[in-house]
Amino acid sequence: MSKDTSAEDPWHSGGKLHPVLGTRDPQLADAQRVWGEDFEPVDLSELEGADPHLEDVGEQMRRLRDALTGIADSGADLAEAAELLRRAADIVEPQSPDQATRLASQWRKGGPGARRTNPVGGTENVIAPPLRAFGHPDGSVSARITLGLPYQGPPGCVHGGMSALMLDHLFGFANHWVGLRGMTAHYEIDYRKPTPLLEPLDMKAWVESHEGRKIWVRATIESGGELRVEARALFISANVPLPGRDATAPGEER
Ligand SMILES: CCCCCCCCCCCCCCCC(=O)SCCNC(=O)CCNC(=O)[C@H](O)C(C)(C)COP(=O)(O)OP(=O)(O)OC[C@H]1O[C@@H](n2cnc3c(N)ncnc32)[C@H](O)[C@@H]1OP(=O)(O)O
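Quick notes on the rules
Residues numbered from 1 in each chain as written. Predicted model: local features only at pLDDT ≥ 70, side-chain atom pairs only at ≥ 80, totals over all residues. Heavy atoms only, no water. Helix = DSSP H or I, 4+ residues; strand = E, 2+ residues; numbered from the N terminus. Phe/Tyr/Trp six-rings, centres within 6.5 Å; stacked < 30°, edge-to-face > 60°. Buried < 20%, exposed > 50% of the residue type's maximum accessible area, 1.4 Å probe, protein only. Lys NZ or Arg CZ within 6 Å of the ring centre and 35° of its normal. UniProt positions renumbered as here; feature names shortened; annotations may be inferred. Patch = residues over 30% accessible without salt bridge, like charges linked within 9 Å, V, L, I, M, F, W, Y side chains within 5 Å. Areas by Shrake-Rupley, 256 points an atom, 1.4 Å probe, with all protein chains shown as cover. Salt bridge = Lys/Arg side-chain N within 4 Å of Asp/Glu carboxyl O. Near = heavy atom within 4 Å. Polar contact = N/O pair within 3.5 Å; in protein donor to acceptor, adjacent residues only side chain to side chain. Nonpolar A, V, L, I, M, F, W, Y, C, P; charged D, E, K, R; others polar. Pairing = 2+ DSSP bridges.

A short note on unusual backbone geometry
Then comes step 1: A positive phi angle, near 65 degrees, is found at Leu 198, a position not held by glycine.
Then comes step 2: Looking at the secondary structure, you find Leu 198 in the loop between strand S3 (183-191) and strand S4 (201-211).

Below is the structure:
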């Protein structure tokens, strides 16, 4: 692994890291099983515990989310839809355990449940933008995504908080891809040009260097070949107690 080489500039690149394949991180192992050796997408539906009906409900909810945003002035008749949705909620709500119980169950066996409901790319999370990350042999990860009206901030543009959220998440993938993991401790972001809705966004993240518990990462968003957003962050390796248990069990990393 390369290390930070400049005391003045902690963002100084120590050179690209190489993917550490074959680590025992359960999340990485899941990804590798699906991804193959170096370049395949993460498919959350293949993670343990995935329920095809739940995936389907999530998909229908996302269709509704996208169709409903901005529909107010269209004259659409939503009475039947409202009634059907009320019936659906009446079916699901009584079967759903309390949130503390669900939270604990999500973190069993390395947390595949939490990944499926993550606010970025979680296939069972209705608000999640549909981000799918790819790992590359040079150690970087990338994602291409087109965002619609639910993610609007400035007129016709992606909300800056969404960009920050997606890049923070992609930092996490970049860490995992090279066998590291940590929590965001410090995060800087520059919005260079407006980020358009309804057009493909190309995101990239990579670990620039790391030393001890400190991991420095960088990321960009481009659209139409132009730089829109660039970000950098310091992650610190840390063990966080898993919900429903006192501490992370040995060998049961998240
Ligand atoms: C291949 C793919 C597979 C798929 C795989 C799944 C991927 C799945 C992706 C999920 C991706 C989610 C990615 C989201 C990531 C979050 O959203 S994380 C949530 C937001 N972050 C937080 O909540 C963190 C809150 N902060 C903390 O808990 C604590 O401050 C920390 C960060 C653990 C550090 O605390 P600590 O362990 O007590 O460490 P501390 O001694 O204070 O500091 C250690 C060193 O770091 C330095 N440091 C600490 N904080 C800072 C700071 N803010 N600035 C500068 N230096 C600092 C200290 O100065 C110290 O330096 P030295 O003195 O050693 O030189």
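So, the packing of aromatic side chains
Then comes step 1: Going through the model one piece at a time under the given rule, you end up with two aromatic pairs.
Then comes step 2: Between the aromatic rings of Phe 171 and Tyr 187, the centroid separation amounts to 5.6 Å while the plane-to-plane angle is 70 degrees, which identifies the pairing as edge-to-face. In this pair, Phe 171 sits in helix H6 (residues 160-177) while Tyr 187 sits in strand S3, placing the two residues 16 residues apart along the sequence.
Then comes step 3: With centroids separated by 5.9 Å and ring planes inclined at 75 degrees, the aromatic side chains of Phe 171 and Phe 235 adopt a geometry described as edge-to-face. Here Phe 235 lies in strand S6 (residues 226-236) and Phe 171 lies in helix H6, a separation of 64 residues in the sequence.
Then comes step 4: Classification of Phe 235 as buried rests on a relative accessible area of 3%.
Then comes step 5: Here the aromatic cluster, defined as three or more aromatic residues joined through ring pairs, consists of Phe 171, Tyr 187 and Phe 235.
Then comes step 6: The ring of Trp 206 has Lys 204 sitting right over it, with the charged end atom 5.8 Å from the ring centre.

Quick notes on the UniProt feature "domain: Thioesterase" (unreviewed entry) in the protein chain
Then comes step 1: UniProt tags residues 156-226 as "domain: Thioesterase" (unreviewed entry).
Then comes step 2: For residues 156-226, the helix share is 25%, the strand share is 44%, and the end-to-end C-alpha distance is 17 Å.

Focus on a nonpolar patch on the surface
Then comes step 1: Side chains of Leu 54, Val 57 and Met 61 sit close together on the surface and give an oily, nonpolar patch of about 230 Å² of accessible area.
Then comes step 2: The residue Val 57 is located in helix H2 (residues 52-68) in this model.
Then comes step 3: On the basis of relative accessible area, Val 57 is assigned to the partly exposed category, the value being 45%.

Quick word on the site of the ligand
Then comes step 1: Taken together, 20 residues are adjacent to the ligand, and Thr 184, Ala 185, Arg 213, Lys 214 and Ile 236 come closest.
Then comes step 2: In this structure, a nitrogen atom belonging to the ligand sits 2.9 Å away from a main-chain N or O atom of Thr 184.
Then comes step 3: A distance of 2.8 Å is found between an oxygen atom of the ligand and a side-chain nitrogen or oxygen belonging to Lys 214.
Then comes step 4: Protein burial of the ligand: of its 1300 Å² of free accessible surface, 54% is covered by the chains.
Then comes step 5: Within the residue set of the shell around the ligand, elements represented by two or more residues are helix H1 (26-35), H6, S3 and S6.
Then comes step 6: In the shell around the ligand, the residues fall into 10 nonpolar, six polar and four charged.

A short note on the pairing of strand S2 (residues 141-145)
Then comes step 1: Most of S2 is tucked away, with four of its five residues classed as buried.
Then comes step 2: Where strand S1 (residues 134-135) lies against S2, two bridges are found, and the strand directions are antiparallel. Note that in S2 the partner of Phe 134 across the bridge is Ser 142.
Then comes step 3: Where S1 folds back onto S2 in an antiparallel hairpin, the turn is made up of five residues, including Gly 139, whose phi is positive at roughly 100 degrees.
Then comes step 4: Two strands pair when backbone bridges link them, and S2 and S4 are joined in this way by five bridges, in the antiparallel orientation. Directly across from Ile 145, in S4, lies its bridge partner Leu 201.

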